[in-house]
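# Summary of structural features
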Amino acid sequence: MKKIKNKLLTVSIPILLLIIASFYITSQFIQPSPKKEFTIATGSKNGQYYKTALLYKEILEKQKVKVNILTSNGSIDNLNLIENKKADMAFIQNGIDYTEKNVSIKSIASTNYEPLWIFYKNEGFQMDYILQLISKKISIGGEGSGTFDLASKILSDNEINKNNSKLYNYSTQEAKKKLLKGDIDAMFLVISPNSSIVKELLENPNINLFSFKRAKAYSRKYNFLESTPLYEGTIDLYKNLPSENINLLSTTATLVIRNDFSEELTRLVLKSIKDIHDKKGLFEKENQFPNLDNITIEANEEALRYYTYGDTWLEKIFPYWIASNLDRLKILLIPLITLMIPLLKGGFPLYRWSIRSKIYRWYDEVQGLDLSLEGLKTKEELKRKLLEIEELKKEIKDETKVPLSYMGEYYDLIMHIELIISKINLKITTN
């Protein structure tokens, strides 16, 4: 019995040590869990980006992810914050000029349309072309903002510049006040249609909303712009705002991240914000957003995979962080599978040997009893030996439990013992 145990230990201990060593070596290639915290750059506290970031914060912090919100002057400022490693994620206006410098920045989602609104003083006539703004006093948004970037493009296309017009970098609130006072003639504004500023200016009879007669032409020139009609009465049916159909140009709000942003956090963010942005809006169709359509900054690879394939089967079954950890641990299957193939091949013979060893281990004693009969001559000696082998037979029946498929070997052992008993009984009767 001791010999068999020693054999099992000799075989099993090296295998166990090999498995432990394989798992340890493989575990060195597993990336640690990402830090469950990131900083998102928005815009001013009065802007839509900031309000959306608050929704993100509420949802993600329920999943144990800390979200820090960093206010800024706008899209261009946000890109600088990412490049200077002060932010990990940011809202920007799609289409703004971006030159890659020290770090790569990637897009992960367009979240909604952002119309370009041009409000101008009502001087008794309607403007149909941007060129009609030449020589006017125009607010084009603060430097560093997406409004400033887009307004500069539109005006430049129409050869309107500081030499032939007066351009100002007022904030949204400041530009609105100056337009209402008549201090400026027009203001450019990229903002949500739900903004109170839009409704306030539409209600004012002294202010007109510019309708892009050549909206299709602009959308062909810039792939990040789309012609988005604003139909009569859309903003307010009772007050009939606007009072006629307006052709607007819209870009999209885009989420960008640093290139070294965690893949797991990227997936979690996209998974979490879907319910915020997939609703039908004034310009958005249901389930149209989030997407990666017409983006001007290269898409993040993990985001592309998520939009293409959706949740993994683990993410559909488990809470996200459990699924994420299981996914990272899948590399441990490599040594396990590698070891299991030879172990399975050798497992069945080892199993058969271990079962049969329960039977064959008794043959040493049976053979010893059989050989000891040669020196016995008296009936008393033979009877003592008979009692000894009867006790062995009882012990074998009590201790030897084997599957039915191995009962043949078991009964062979019992039959051999019975032969020895018969042999002893024969010697007793003949003496």
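Placed above this text is the structure.
Everything in this summary refers to the structure shown in the same document. (Residues numbered from 1 in each chain as written. Predicted model: local features only at pLDDT ≥ 70, side-chain atom pairs only at ≥ 80, totals over all residues. Heavy atoms only, no water.)

## Concerning the packing of helix 13 (residues 363–372) against helix 15 (residues 407–430)
Note the following rule: Only C-alpha atoms enter the line fits that serve as axes; for helices the fit covers just the stretch in contact. Angles between N-to-C directions range over 0 to 180 degrees. Where helices and strands are cited, they refer to DSSP runs of H or I of at least four residues and of E of at least two residues respectively, numbered from the N terminus. Angular relationships are summarised with four words: roughly parallel below 35 degrees, roughly antiparallel beyond 145, roughly perpendicular across 65 to 115, and oblique for the angles in between. What makes a crossing left-handed is the near helix being turned counterclockwise from the far one by less than a right angle; a clockwise turn instead makes it right-handed. By definition in these notes, contact holds between two residues if any of their heavy atoms fall within 4.5 Å.
Interhelical geometry of helix 13 versus helix 15 gives an angle of 15° and a closest axis separation of 11 Å. As summarised for this structure, helix 13 and helix 15 are arranged roughly parallel, according to the angle between their axes. With respect to the hand of their crossing, helix 13 and helix 15 are arranged in left-handed fashion. Seen from helix 13, the contacting residues are Y363, V366 and D370; seen from helix 15, they are D412, L413, H416, I417, I420 and K423.

## Concerning the pairing of strand 7 (residues 186–190)
Basically, it comes down to this: Whether a residue is buried, partly exposed or exposed follows from its accessible area with a 1.4 Å probe, protein chains only, as a fraction of its type maximum: under 20%, in between, or over 50%, in that order. Pairing between strands is defined by DSSP: at least two bridges between the two strands are required.
The buried count for strand 7 comes to five of five residues, which makes it a mostly enclosed element. Of the two faces of strand 7, the one carrying A186, F188 and V190 and the one carrying M187 and L189 are both buried. Taken together, the five bridges between strand 4 (residues 105–121) and strand 7 define a ladder with antiparallel strand orientation. Opposite I118, over in strand 7, you have F188 as the bridge partner.

## Describing the nonpolar core
Grouped burial of nonpolar side chains is what soluble globular proteins tend to show. Our working rule: Each nonpolar core is a collection of buried residues, namely Ala, Val, Leu, Ile, Met, Phe, Trp, Tyr and Cys, held together in the definition by side-chain atoms within 4.5 Å.
Ranked by size, the top nonpolar core spans 26 residues in total, and within it F38, I40, L60, M89, I108 and L255 carry the most contacts. Only strand 1 (37–41), helix 2 (48–61), strand 3 (89–93), strand 4, strand 10 (246–258), helix 8 (263–277) and helix 9 (301–309) provide two or more residues apiece to this core. The element that contributes the greatest number of residues to this core is helix 8, accounting for five residues.

## Some details on the side chain of K106
Rule in force here: Whenever a nitrogen or oxygen atom comes within 3.5 Å of another N or O atom, the pair is scored as a polar contact, on the condition that within protein one atom can donate a hydrogen and the other can accept it, and that pairs from neighbouring residues in sequence are kept only if both atoms are in side chains.
Looking at the element boundaries, K106 is found in strand 4. Polar contacts involving the side chain of K106 include one to the side chain of N259, which spans 3.3 Å. Excluding residues that lie within four positions of it along the chain, K106 makes contacts with L255, V256, I257, N259, I297, E298, A299 and N300.

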